[in-house]
Amino acid sequence: MSSNDAPDAGPDLSQGVSLADFGAARMLRGHVGEQAVLLARVGDEVLAVGANCTHYGGPLEQGTLEDETVRCPWHHACFSLRTGEALAAPAFDAIPCWKVEQQGDRFFVREQGAAAPQVSRKAGSGEPERIVIIGGGAAGFAAAEMLRRRGWAGQLTMFSSEADPPCDRPNLSKDYLAGNAPEEWIPLRGDDFYTEQRIDLRLSTTVDRIDAAARTVVTSDGAAHRWDKLLIATGAEPVRLPIPGADQPQVFTLRSLADSRAIIARAAQARSAVVLGSGFIGLEVAASLAARKIKTHIVSLDARPLERVLGAELGDFVRALHEQHGEVFHMGASIAAIEPDSVTLSTGEKLAADLVVIGVGVRPRLALAEAAGLKLERGILVDAFLQSSNPDIYAAGDVASWPGGEAGAPIRVEHWVVAERQGQVAAANMLGAREAYRDVPFFWSAHHEVMIRYVGHALAWDEIRVEGSIAARDCAVHYVKGGRTIAVATIGRDVQALEQARLLAGH
Ligand SMILES: Cc1cc2nc3c(=O)[nH]c(=O)nc-3n(C[C@H](O)[C@H](O)[C@H](O)COP(=O)(O)OP(=O)(O)OC[C@H]3O[C@@H](n4cnc5c(N)ncnc54)[C@H](O)[C@@H]3O)c2cc1C
Ligand code: FES
């Protein structure tokens, strides 16, 4: 995924533009030499920043402006137009700021401004000396990065059971698994980052126990590590089913980079695959295996793929889309047994399968929190500040149940951007900021050439209203409860997804 816009698209801003060149828009993409630059009208001012998102290069002029920020249309990263800072994940790097000179009614952009400063602050007297993060995933990484970005200089340790450093997990079922993204895209940061930022990243190290009274975590080698504030970001793990034959080497689940690598290695010799599960991960895996020219079958107990989250209309569309790419669905069925080169379905049907991927959902990893006596409610119960029932212990990401539902009811979701932003907010709060996490949940999912974006949180709805046309891949599907839209899924309407998120947030 990268921006399709040529770097020199739009006017040469070093030659100047006038407000008339914006037309009705508030943003204008241009260039200075080879560099893509975005001009944005903010009140009476015109501000200039880099035009490409630092996450995957999304074209920022196709996003939305809100106050002095711009939001990326692809995965909703938010940047300051004044400083270029990546204020909200999934982008972490700032975009460059450019100087704007006004001469008469024309605006000229010729040189870059100073790089975005870190949000540097002096350590307050109440700040922790030691912070421990359990988990090297989305939330753990984002928290560590934000702690340092905020200028906190204390001792920071991050434990991860994985052998690889924090990685771009969503890509593991998409382009990387399909063979379209090189491995160098996958780490969120290179090894140097952790050294430079003095983040003591302990890979392949599992925390076995939290001793809340002693304020330590105990790792599997028996060592105790002290903390003043602790973040639990242990994520979720794939559900494993007791299917006869599921322990064979051709059977996989997918959570880590190691899992994705192992599936790719097996896929190299596979001609047929069976994916159990028609949720997001199952379908994305199936699409990626089909892209590798492997005959892929999807087996699911559901009547339609994704119906519980997206409803019948989108479910049927997604099924047809995958079928157009050669995948075969076996709905209302499960796998009864897995043999070395085939599977037997609950219907008695036998399917050839050199490779089997079980994608039937995940379970939050709550054992540590439970043993530490933290309050749980389908996840680690936290308040709006992501603080658990122990005020020195925070939780973020797939493990956290936060008051984001109707009337502040706790909800837990499994979304990349939510996990990262919760990590960022938890970091600020561990330093004493008292920032509430109020973002509307957002996720995206890729199905071959079609990208679905979803904002809000609808476990149930009274009716679904389709705006536009699902078949034409230009739609906003509203999930309506009590006469009110509570969530929206879009295809081909990225700006609408951003605007709906703003509306749902009550802005
Ligand atoms: C293949 C795949 C594709 C996805 N695609 C999308 C997508 O397109 N869009 C989207 O919004 N979301 C997607 N998701 C979901 C998203 O990745 C998760 O919501 C997100 O990773 C959650 O972040 P987290 O930090 O809570 O957990 P994780 O990223 O899972 O990180 C948890 C970390 O904790 C570590 N850990 C757990 N227990 C311990 C312990 N006791 N000691 C030490 N370390 C421990 C784990 O090893 C891991 O490093 C996808 C997930 C997967 C697996
Ligand atoms: S490309 Fe901008 S948020 Fe992903």
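Residues numbered from 1 in each chain as written. Chains lettered and ligands numbered in written order. Predicted model: local features only at pLDDT ≥ 70, side-chain atom pairs only at ≥ 80, totals over all residues.

Regarding the nonpolar core
Ranked by size, the top nonpolar core spans 148 residues in total, and within it Ala 143, Leu 231, Ile 232 and Ala 396 carry the most contacts. Looking at which element gives the most residues to this core, the answer is helix 9 (residues 416-430), with nine residues. Once residues within four sequence positions are removed from consideration, Ala 396 is found in contact with Ala 139, Ala 143, Leu 231, Ala 233, Leu 386, Ala 419, Gln 422, Gly 423 and Ala 426. (Core = buried A, V, L, I, M, F, W, Y, C linked by C-beta atoms within 7 Å. Buried ≥ 20, exposed ≤ 12 C-beta atoms within 10 Å, placed from the backbone. Helix = DSSP H or I, 4+ residues; strand = E, 2+ residues; numbered from the N terminus. Contact = placed C-beta atoms within 7 Å.)

As for the sheet that holds strand 29 (residues 393-395)
Each strand in a sheet pairs with another by means of backbone hydrogen bonds, the pair being arranged parallel or else antiparallel. Pairing is parallel in the open sheet, where five strands are placed in the order 13-12-11-17-29. Bordering the open sheet on either side are strand 13 (199-202) and strand 29, each of which pairs with just one other strand. Averaged over all adjacent pairs, the angle separating strand axes in this sheet is 15°, with direction ignored. By the bridge criterion, four bridges tie strand 11 (residues 130-134) to strand 17 (residues 229-232) in an arrangement that is parallel. The partner of Ile 133 across the bridge, within strand 17, is Leu 231. (Pairing = 2+ DSSP bridges. Axes fitted to C-alpha atoms, helices over the stretch in contact; angles between N-to-C directions.)

Looking at the pairing of strand 11
With four of five residues buried, strand 11 lies mostly within the body of the structure. The sheet contact formed by strand 11 and strand 12 (residues 155-159) spans five bridges and is parallel. Looking at the pairing, Ile 131 lines up with Leu 156 of strand 12. Since strand 11 and strand 12 lie parallel, the crossover through helix 1 (residues 138-149) that links them has a hand, and here it is right-handed. (Right-handed = clockwise from strand over helix to strand, strands pointing away.)

Here we look at the sheet that holds strand 8 (residues 86-88)
Taken together, the four strands give an open sheet; going across it, the order is 5-6-7-8, and neighbouring strands pair in antiparallel fashion. Of all strands in the sheet, those bounded by a partner on one side alone are strand 5 (64-66) and strand 8. Taking each pair of neighbouring strands and ignoring which way they run, the sheet shows an average axis angle of 35°. Relative to strand 7 (residues 78-80), strand 6 (residues 69-71) is paired through three bridges, and the arrangement is antiparallel. Paired with Thr 69 across the two strands is Ser 80, which belongs to strand 7.

Regarding the site of ligand 1
In the vicinity of ligand 1, 36 residues are found, and the nearest of them are Gly 135, Gly 137, Gly 235, Gly 397 and Phe 443. Those elements that place two or more of their residues in the shell around ligand 1 are helix 1, helix 9 and strand 31 (442-447). Among the residues forming the shell around ligand 1, the class breakdown is 17 nonpolar, 13 polar and six charged. Three or more residues apiece are contributed to the shell around ligand 1 by two domains, here domain 2 (130-237 + 363-430) and domain 3 (251-360). (Near = placed C-beta within 6 Å. Nonpolar A, V, L, I, M, F, W, Y, C, P; charged D, E, K, R; others polar. Domains from an automatic or database assignment.)

Re unusual backbone geometry
Note the cis peptide between Ala 89 and Pro 90, where omega equals 15°. Residues other than glycine seldom take positive phi values, yet Ser 204 does so here, at roughly 50°. Looking at where Ser 204 falls in the secondary structure, it is placed in the loop between strand 13 and strand 14 (207-211). For Ser 204, a count of 12 C-beta atoms within 10 Å gives the class exposed.

Thoughts on the pairing of strand 14
Successive side chains on a regular strand alternate, one facing one side of the sheet and the next facing the other. Where strand 14 meets strand 15 (residues 216-219), four bridges bridge the pair, whose relative direction is antiparallel. Looking at the pairing, Asp 211 lines up with Thr 216 of strand 15. A loop of four residues connects strand 14 with strand 15, the two strands running antiparallel in sequence, and Arg 215 in this loop sits at a positive phi of about 55°.

Details of the domain arrangement of the protein
If you check the domain split of the protein, you get domain 1 (13-112), domain 2 (130-237 + 363-430), domain 3 (251-360) and domain 4 (449-504). Averaged C-alpha coordinates put domain 3 and domain 4 at centres separated by 26 Å. On the side of domain 4, seven residues touch domain 3, which itself brings six residues to the contact. Among the elements that take part in the side of domain 3 that touches domain 4, helix 7 (residues 312-324) stands out by supplying four residues, more than any other. When grouped by side-chain class, the residues that make up the side of domain 3 that touches domain 4 number four nonpolar, one polar and one charged.

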